[in-house]
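# Structural features, examined
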Amino acid sequence: MEEYKKSITEYADVQDAMAYAEEKGREKGLTEGIENEKIEIAKNCLKEGLPIETIAKITGLTVGQINKLK
């Protein structure tokens, strides 16, 4: 009976760990997606000839990050 209880607890621990990892994966994916969108917007703004400082204000990227996109 003790082994059974122990296995149930271990199973629950594994399920919790998997749920946590899945949530962190979603958060990371969302963050990366937002960053990629900012970069695409900055690239489009550069193509349109907007000043880098304006692009930085629009996207929240740094001037250095935008300069690397040129």
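What you see is a predicted model; the values in this text were computed from it and never measured.

A few words now on a negative patch on the surface. Taken together, the side chains of E2, E3, E10, D13 and D16 define an acidic patch exposed on the protein surface. For D16, the location among the structural elements is in helix α1 (residues 2-47).

Turning to a nonpolar patch on the surface, a few remarks are in order. Taken together, the side chains of M1, Y4 and I8 define a hydrophobic patch exposed on the protein surface, amounting to about 380 Å² of accessible area. By the element assignment, I8 lies in helix α1. You can call I8 partly exposed: its relative accessible area is 44%.

With seven residues, the main nonpolar core is built from A42, C45, I52, I55, A56, L61 and I66. Elements supplying a minimum of two residues to this core: α1 and α2 (52-59). At three residues, the largest contribution of residues to this core is made by α2. When sequence neighbours within four positions are dropped, the list of residues in contact with I52 reads L46, V63, I66, N67 and K70.

We now examine α2. Every buried residue of α2 is listed here: I52, I55, A56 and T59. Angular distribution of buried residues about the axis of α2 spans 105°; they occupy a single face of the element. For α2, the exposed residues set more than 90 degrees away from the buried face come down to K57 and I58. A positive backbone phi angle near 85° is found at G60, which sits one or two residues after α2.

Rules used throughout
- Residues numbered from 1 in each chain as written.
- Predicted model: local features only at pLDDT ≥ 70, side-chain atom pairs only at ≥ 80, totals over all residues.
- Heavy atoms only, no water.
- Patch = residues over 30% accessible without salt bridge, like charges linked within 9 Å, V, L, I, M, F, W, Y side chains within 5 Å.
- Areas by Shrake-Rupley, 256 points an atom, 1.4 Å probe, with all protein chains shown as cover.
- Salt bridge = Lys/Arg side-chain N within 4 Å of Asp/Glu carboxyl O.
- Lys, Arg positive; Asp, Glu negative; His and termini not counted.
- Charge placed at Lys NZ, Arg CZ, Asp CG, Glu CD.
- Helix = DSSP H or I, 4+ residues; strand = E, 2+ residues; numbered from the N terminus.
- Buried < 20%, exposed > 50% of the residue type's maximum accessible area, 1.4 Å probe, protein only.
- Core = buried A, V, L, I, M, F, W, Y, C linked by side-chain atoms within 4.5 Å.
- Contact = heavy atoms within 4.5 Å.
- Arc of directions from axis to C-beta.

Bear in mind that shape data such as this cannot, by itself, settle questions of function.
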